[in-house]
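Descriptive structure summary
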Amino acid sequence: DVLRALQDKRLIVRSGDRINLYWDVFREYVLNRKVPSIPFTYMPASPSLKSLLRVAHALSKDVGRTLVQLTEVSGLGQKTVGNVIRDLRMFGIASGHLSAPLLDPEMPAASAESVLQRIRHVLSRHALTLRLSKVEPGTRIGFDDMVAILKSANPAATHRMRTWRVYAERMGQWLSAAGLLVPAE
């Protein structure tokens, strides 16, 4: 039951977090018969939403395409396509093996609209989004504010300040693209 509930929630968990997370979820389920809402802290590695949409559009529910085929179709480098596929899998847009991904069976289509709806749904559960939702509407959030929120959401992470700023900028772009954050002029 617990594993089915976890799959229904489509939790995004890094491998190092699994043991403690699963124990916490199991304990909560045994005590309260509910699977807790667990925000995720995954940072997309795709260079842009446009790149992600190009690769997603090339996916099929029936036939997996190799990284070489996706590289040719998308016009992106093979390493970049690999990063995009990881993001698509984390967002629940792609499934199957990394070497021959498929469009996830739960996705209605590989259209931009379907992909963006899925990204918005997943990012609405991101730790950064949840913390930003508690900020007064209309408040300007700078990169330093976003870095502080990301650091507090990931207390075990030991990144350099430059890396935190890159993550904050990237998440700002993704949250803006998903319509969850409005960029200031």
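Preceding this section is the structure that the text describes.
This text gives an overview of the structure that appears in the document. (Residues numbered from 1 in each chain as written. Predicted model: local features only at pLDDT ≥ 70, side-chain atom pairs only at ≥ 80, totals over all residues. Heavy atoms only, no water.)

A short note on helix H8 (residues 143–153)
Of all the positions in H8, only Met-146, Val-147, Ile-149, Leu-150 and Ala-153 are classed as buried. The arc enclosing the buried residues of H8, seen along the axis, measures out at 165°, which places them on a common side. (Buried < 20%, exposed > 50% of the residue type's maximum accessible area, 1.4 Å probe, protein only. Helix = DSSP H or I, 4+ residues; strand = E, 2+ residues; numbered from the N terminus. Arc of directions from axis to C-beta.)

Some words on the pattern of salt bridges
The full count for this structure, using the stated rule, is one salt bridge. Arg-165 is the salt-bridge partner of Asp-144, the closest N and O atoms lying 2.9 Å from each other. Taken together, the residues span a long stretch of sequence, with Asp-144 in helix H8 and Arg-165 in helix H9 (residues 161–177) at a distance of 21 residues. (Salt bridge = Lys/Arg side-chain N within 4 Å of Asp/Glu carboxyl O.)

Quick look at the packing of aromatic side chains
Tallied over the entire structure, the rule returns two aromatic pairs. Plain terms: the ring middles of Phe-91 and Trp-174 are 5.9 Å apart, the flat faces sit at 40° to each other, and that makes the pair tilted. Here the residue Phe-91 occupies a position in the loop between helix H5 (78–90) and strand E1 (94–95), and Trp-174 occupies one in helix H9, the gap between them amounting to 83 residues. Each member of the pair Phe-91 and Trp-174 is classed as buried. On the basis of an interplanar angle of 85° and a centroid distance of 6.4 Å, the ring pair of Trp-164 and Tyr-167 is categorised as edge-to-face. Pair noted here: Trp-164 and Tyr-167 are both in helix H9, with a separation of three residues, about one helical turn. (Phe/Tyr/Trp six-rings, centres within 6.5 Å; stacked < 30°, edge-to-face > 60°.)

Re the nonpolar core
Counting 39 residues, the largest nonpolar core has Leu-88, Ile-93, Ile-119 and Leu-123 as its most contacted members. For this core, the secondary structure elements donating two or more residues are helix H3 (49–57), helix H4 (67–74), H5, helix H6 (112–123), helix H7 (127–132), H8 and H9. The element best represented in this core is H9, accounting for six residues. Setting aside residues up to four positions removed in sequence, Leu-123 forms contacts with Phe-40, Phe-91, Thr-129, Met-171, Trp-174, Leu-175, Ala-178 and Leu-180. (Core = buried A, V, L, I, M, F, W, Y, C linked by side-chain atoms within 4.5 Å. Contact = heavy atoms within 4.5 Å.)

Comments concerning the packing of H8 against H9
H9 packs onto H8 with a crossing angle of 105° between their chain directions and a minimal axis gap of 9 Å. If you check the angle between H8 and H9, you find them roughly perpendicular. Contacts between H8 and H9 involve Phe-143, Asp-144, Met-146, Val-147, Leu-150 and Lys-151 on the former and, on the latter, Met-161, Trp-164, Arg-165, Tyr-167, Ala-168, Glu-169, Met-171 and Gly-172. Split by residue class, the contact of H8 with H9 holds nine nonpolar, one polar and four charged. (Axes fitted to C-alpha atoms, helices over the stretch in contact; angles between N-to-C directions. Parallel < 35°, antiparallel > 145°, perpendicular 65-115°, else oblique. Nonpolar A, V, L, I, M, F, W, Y, C, P; charged D, E, K, R; others polar.)

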